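Observations on the model geometry
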Amino acid sequence: MLKRMDDGTSKETTSRSGDSLFPLEVSNIGLETVGQSLLRDVSFTLAAETKTVIIGPNGAGKSLLLRILNGLLQPTSGHFTWAGRTTDAAVRARQAMVFQRPVLLRRSTEANIHFVLNGLSLAERNTRTQALLEQAGLTSRAKTPARLLSGGEQQRLAIARALATDPGVLFLDEPCANLDPSATKEIEDLINATHASGTKIILVTHDLGQARRVGDDVVFLSAGRLVEQATVQDFFAHPKTALGRAFIRGEIVM
Amino acid sequence: MLKRMDDGTSKETTSRSGDSLFPLEVSNIGLETVGQSLLRDVSFTLAAETKTVIIGPNGAGKSLLLRILNGLLQPTSGHFTWAGRTTDAAVRARQAMVFQRPVLLRRSTEANIHFVLNGLSLAERNTRTQALLEQAGLTSRAKTPARLLSGGEQQRLAIARALATDPGVLFLDEPCANLDPSATKEIEDLINATHASGTKIILVTHDLGQARRVGDDVVFLSAGRLVEQATVQDFFAHPKTALGRAFIRGEIVM
Amino acid sequence: MPDLSSIFALAVGLVFSFDAELYAIIGLSLAVSLTAVFLGALFGIPLGAALASLSFPGRGALTAIINAFMGLPPVVVGLVVYLMLSRSGPLGVLGLLYTPTAMIIAQTLLVMPLIAALSRQTLVELNSEYDELFRSLRLTAWQRITALIWDGRYGLLTAALAGFGRAIAEVGAVMIVGGNIEHVTRVMTTTIALETSKGNLALALALGLVLITISILVNAALLSLNKTARRLAYA
Amino acid sequence: MPDLSSIFALAVGLVFSFDAELYAIIGLSLAVSLTAVFLGALFGIPLGAALASLSFPGRGALTAIINAFMGLPPVVVGLVVYLMLSRSGPLGVLGLLYTPTAMIIAQTLLVMPLIAALSRQTLVELNSEYDELFRSLRLTAWQRITALIWDGRYGLLTAALAGFGRAIAEVGAVMIVGGNIEHVTRVMTTTIALETSKGNLALALALGLVLITISILVNAALLSLNKTARRLAYA
Amino acid sequence: QPAWAADGGGFIILQSTTSTDNSGLLKAILPKFRDKSGIEVRVVAVGTGQAIKNSTNGDGDVLLVHAKASEEKFVAEGHGVARTDVMYNDFVIVGPDADPANLKGTADVIAALQKLAAAESLFASRGDNSGTHKAEMRLWKAAGIDVAKSSGAWYRATGSGMGATLNTSVGLGAYALTDRATWLSFKNKAGHKVLVEGNPRLFNQYGIILVNPEKHPGVKAKAGQAFIDWLTGADGQAAIAAFKVDGKQLFFPNAPKNN
Ligand SMILES: Nc1ncnc2c1ncn2[C@@H]1O[C@H](COP(=O)(O)OP(=O)(O)OP(=O)(O)O)[C@@H](O)[C@H]1O
Ligand SMILES: Nc1ncnc2c1ncn2[C@@H]1O[C@H](COP(=O)(O)OP(=O)(O)OP(=O)(O)O)[C@@H](O)[C@H]1O
Ligand SMILES: [Mg+2]
Ligand SMILES: [Mg+2]
């Protein structure tokens, strides 16, 4: 069993002070479980300004890495710092995550968004909920229990909910996996807009087209190791490694 | 609440007699829930020989339609027949489904496959389980609890499990949504091979490239209605409807 | 030996005698047990939710203790409350011994651990589903507990019904702290015990049948209410 | 009034007296209750799984009845079993009255509905998760039930522990069918009731403390076994 | 081979009242019988009514209670073979040391009950149709007081056994009627004391009956009769007389001598 991060759940902190969380410096992170090494010696540095895409084959460790960065999982070795600070409540308060498999409360679509908007007045909560539903194209589904939504609708709800808290860093784990082409395009626009308003984007995707359209820089993982880090242009034009070249051509076989 | 199909769970039937289930004739199927019409007047006919892809925007009703055809949900109007027979135990025994959100047993990866192979001897079960794991690239994960697998691994396991029962009809609901490019290619090859061995394929996908690569004919749904049915070539070259044209260009906005 | 049909006839006769004394006994039984379950749930459910979702030192031990307290012998709980409320006890001045209030206190202590342990079990699965989301959202302990209770409310009914079953059926604690005093603290179970000790087995069984019938009605009412609420929520 | 420390001292004294009689009583309590829980689980868990996962006419009513039977008064169950096993009853020839077997029968009847109702609650969520898969796989009723029980086994422990709590704590049924005969059918709870009626409140409480301690140990042992098994399964 | 061996199993079941068992009497004397005869006596100690009912169902071999009228009815209905006096003790009225109704020293139990009713002082009754309860009701009747009218007010019918009723009377600070044996061996006396005693009306006779084997074929008649013979014979009577708590004799043997 992996050890979850002790996160002092009970401490409420909502500081969204302007001080930056970047650069994010990840040094030699490893994650071991009984007899298996899920992440090995992963190091990289991310700046605030870019949209980072993390790519790699199934089981490479992308989702685990996002969990570690979001403070949900404790690496078994290595460490990482946000602008020199280790993850603390203030850092976490400024992050939001869209999970690969959306976790939806057993409530209506709108109640799922309403729930995370604590700290606002009721009137503000309602207004903001409706605005976010509108943005996600879910207004007509507002009263539907979230768990009855279609696959794509669930994913859009999860994205809307993550944006609700106006995070400084947004982790997105395959947010468009179940979206139709036009919804995908919309979400990509939304990601760009969110980034433009000052939110760091860290996006995991299998859609290489999306990686090229949205990403500025690429972190390429394979089998728990960081294989390449480069700008999107460089990575797709001149991958430095054989693994990278093969992945782009869709050739890596597990 | 939608009414689930009364399926006489307790009747065990494993007849895989050679008689065909096709043509599948769907007539005026509708699905209503309180104040909402989720499917309206859907009619089409499918032949055994083709690989059919069902496409359409999020919330169009694709997953609901698959559930109805697999006998999990009862339409509120209309009916459908398999080679003239209404769905009965013998018909159902020859179908298998890969759900959009994989449902995995709280067991190891291999136990998830082993479980569905009832009716075989233990030795056969074991051999077949290992072969299917190998095919899905999950041999190294055999003992891992299925619910700890990565998103893509879970999807591959669900596909392997559906193939285990050697079905006459295989429903696939976005089977490649979380797969990396090379795994997607492999699964497409597997779908083709399964089809070649005599299994009817009914595939829901948002990946238009995949629809073109894999599909022979297309059923295009939007907002609960059947908008177009055509061969893949015709649909993508000359969509007959404005909705179809817009969808191909990624323009439909919900 | 009393046969089934005669017991049944006796039970029906009892109910339709509209005997004021019997109805008063039934009323007191329901009032005491429902109040105890209400109080037990008020404290037990949040405790169960906390055990299901928060990690704190000693959680494992507390879980074992709460689970074990599902097996608190009613007689022992009755004795402890008796000693507290007895004239010579610390709370003797309140004069609560041999009153329905004392019975409620004892039954609350009896059902609270049961409700807490069963709530924990009901919510622990839900918590494992929500856990990463909640941690990612950095909810406070209280937000977590309330969200779990709200989302798990339909399942918690069984925990409350188990508490009700325990309360309405037990005799040891109410006998000791209530004293089974006629017209004051006599309830269904103490009446049954009394008739048994008098050798009136048929009457005791008929009363038992009445008690079980009432239980079934309470359960059916609450289950169908629950089902309706759930259906409305998921319409 | 006996104070806490003297009761505690008395309890410790009892345990370390290594009094053969006390140990025999504890042993019989555990043997009777654990056997009853085992039998109750053997029938109750599959029944709960069936209620959770199969749809058949009358399921709602049966659920309400099983839930209500969580509130079967021990005295009533005791009486029913007594009448069955009485020399003048239908099973009188077996000569089981006033034996540990009779106590096991009564307690099995008491805990079975509780275990069934709680198992149903534990498995109903799991069933709703698995339902479409199982229906798509066209499992038989029996395959469904066994799969649910197997996958829900860790959660079912709480249901079994609640049954154990009910069995080890109850006195009404074992008193009637066992007769509280010294050296034959005397268990912890009947001893506590006896000492209470003798006015030996301190001794009764000390015995209660011993009983609860044993319960805590049983619970802690089973919970940690459960946790270990779970950890090994999810290593 | 002793005669009772034909019954199979070396034990009999004695249905008795709680007073004989709780006081420790049976525990003291039964081993003597077992040593002599090899028969184990298993005691089911319940309320008088329940003991008689159990025996009516044939679930006991011997019945030892103290409610003469009910016992004679039991025999008359053919459930018992014959009733024999075994021993007696007496009832006493106990109450709080403060004695609000001022009963202390009242020799006449009827006068005491009248005082009690006049003062409306709390009185805890067993209210369970037991031998003690029946004796109490006879006394109230003789005093001309209808306690049913005051039930729930100063008269509290606890509907439970002697021990539970004594616990209640101590908790309430109420008076109660109890047999002396139970009182002497009762451990939760707090401030309660014996206030009225020594009146002929407080006489408490115990009788023993063999359950009728013709009515209930399972009854171990030979072993049961052996026990009755022993208890009413010289050895048993001497054992009863020898049983003491705190130096006080609790039961006085009075079986007919011709046995
Ligand atoms: N708790 C765990 N115990 C054992 N193995 C685990 C655990 N969690 C994850 N794994 C394994 O670690 C590997 C990496 O998982 P991860 O979810 O990070 O993959 P991923 O890169 O996100 O893949 P995908 O693209 O399929 O989502 C997988 O092979 C997975 O089976
Ligand atoms: N039980 C239900 N009650 C109410 N609405 C429902 C129910 N089930 C599904 N829906 C709605 O029906 C619509 C169609 O759902 P369906 O899952 O078939 O969509 P889909 O075409 O598969 O979409 P996606 O591509 O996003 O998976 C959705 O808008 C969904 O919210
Ligand atoms: Mg992943
Ligand atoms: Mg879908």
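Anything mentioned here points back to the structure above.
Throughout what follows, the structure given in this document is the object of discussion. Note that the structure is a prediction, hence the values are computed from the model and not measured.

Overview of the relation of the copies chain C and chain D
Each copy superposes on the other: chain C lies on chain D with an RMSD of 0.1 Å after a rotation of 180° and an axial shift of 0.0 Å. Read as a symmetry element, the transformation amounts to a two-fold axis. Among all residues of chain C, the one whose C-alpha sits closest to the rotation axis is Thr122(C), at a distance of 3.3 Å. The residues that chain C uses at the interface reappear at the interface of chain D in 100% of cases, marking a shared surface.

Description of the side chain of Glu170(C)
Residue and element names in this part refer to chain C. Considering the arrangement of structural elements, one finds glutamate 170 in the loop between α7 (153-169) and α8 (172-178). For the buried glutamate 170, no salt bridge exists, and the shortest N-O distance to an oppositely charged side chain is 7.2 Å, to arginine 166. A polar contact is formed between the side chain of glutamate 170 and the backbone nitrogen of glycine 172, at a distance of 3.1 Å. In contact with glutamate 170, not counting residues within four places along its chain, are Pro74, Gln107, Leu110 and Thr189.

Some thoughts on the site of ligand 1
In the neighbourhood of ligand 1, 21 residues make up the surrounding shell, with Ser63(A), Arg141(B), Ser150(B), Gly152(B) and Glu153(B) lying closest. Note that an oxygen atom of ligand 1 is positioned 2.8 Å from one of the side-chain N or O atoms of Gln100(A). Glu153(B) is positioned with one of its side-chain polar atoms (N or O) 2.6 Å from an oxygen atom of ligand 1. When the free accessible area of ligand 1 is taken as 640 Å², the share hidden by the protein chains comes to 94%. Mapped onto the shell around ligand 1, the elements with two or more residues apiece are α1 (62-69) of chain A together with α5 (151-164) of chain B. Broken down by class, the residue content of the shell around ligand 1 amounts to 7 nonpolar, 10 polar and 4 charged.

Here we look at the coordination of the magnesium ion (ligand 3)
Residue and element names in this part refer to chain A. Donor atoms from the polypeptide that bind the magnesium ion (ligand 3) are Ser63 (OG) and Gln100 (OE1), placed at 1.9 to 2.1 Å. Residue serine 63 is found in helix α1, and its partner glutamine 100 is found in the loop between β5 (95-98) and α3 (109-116); the two are separated by 37 residues along the sequence. Across this residue pair, the class does not change: serine 63 and glutamine 100 are buried.

Focus: the environment of Ala135(E)
All names here are of chain E. With respect to the secondary-structure elements, alanine 135 resides in helix α6 (residues 131-143). The class of alanine 135 is buried, set by a relative accessible area of 6%. Taking C-alpha positions, alanine 135 is 8.2 Å from alanine 67, a pair spaced 68 residues apart along the chain.

Considerations on the side chain of Ser197(C)
Structurally, Ser197(C) is set in helix α9 (residues 188-197). Of the residues examined, Ser197(C) reaches a relative accessible area of 13% and is grouped as buried. Setting aside residues up to four positions removed in sequence, Ser197(C) forms contacts with Gly47(E), Gly49(E), Gln50(E) and Asp128(E).

Re the packing of helix α10 (residues 201-233) of chain C against helix α4 (residues 74-85) of chain D
A pair of packed helices is captured by two measures, namely the crossing angle of their axes and the spacing between those axes. Two elements in contact, α10(C) and α4(D), have axes separated by 10 Å at closest approach and are oriented at 130°. Classed by the angle they form, the pair α10(C) and α4(D) counts as oblique. Here α10(C) runs over α4(D); the crossing is left-handed. Two secondary-structure elements touch here, α10(C) through Leu201(C), Ala204(C), Leu205(C) and Gly208(C) and α4(D) through Val76(D), Leu79(D), Val80(D), Tyr82(D) and Leu83(D).

A closer look at the site of ligand 2
Surrounding ligand 2, one finds 21 residues, the nearest of these being Arg141(A), Ser150(A), Gly152(A), Glu153(A) and Ser63(B). Between ligand 2 and the protein, one listed contact pairs a nitrogen atom with a backbone N or O atom of Leu148(A) at 3.5 Å. Separating an oxygen atom of ligand 2 from a backbone N or O atom of Gly61(B) is a distance of 2.8 Å. Counting only elements with at least two residues in the shell around ligand 2, the list comes to α5 (151-164) of chain A together with α1 (62-69) of chain B. For the shell around ligand 2, the residue count by class is 7 nonpolar, 10 polar and 4 charged.

Each value, and the rule that gives it
- Residues numbered from 1 in each chain as written.
- Chains lettered and ligands numbered in written order.
- Predicted model: local features only at pLDDT ≥ 70, side-chain atom pairs only at ≥ 80, totals over all residues.
- Heavy atoms only, no water.
- Least-squares fit on C-alpha atoms with pLDDT ≥ 70 in both.
- Contact = heavy atoms within 4.5 Å.
- Helix = DSSP H or I, 4+ residues; strand = E, 2+ residues; numbered from the N terminus.
- Buried < 20%, exposed > 50% of the residue type's maximum accessible area, 1.4 Å probe, protein only.
- Lys, Arg positive; Asp, Glu negative; His and termini not counted.
- Salt bridge = Lys/Arg side-chain N within 4 Å of Asp/Glu carboxyl O.
- Polar contact = N/O pair within 3.5 Å; in protein donor to acceptor, adjacent residues only side chain to side chain.
- Near = heavy atom within 4 Å.
- Areas by Shrake-Rupley, 256 points an atom, 1.4 Å probe, with all protein chains shown as cover.
- Nonpolar A, V, L, I, M, F, W, Y, C, P; charged D, E, K, R; others polar.
- Donors = N, O, S within 2.8 Å, 3.2 Å for Na, K, Ca; no water.
- Axes fitted to C-alpha atoms, helices over the stretch in contact; angles between N-to-C directions.
- Parallel < 35°, antiparallel > 145°, perpendicular 65-115°, else oblique.
- Left-handed = near helix turned anticlockwise from the far one by under 90°.

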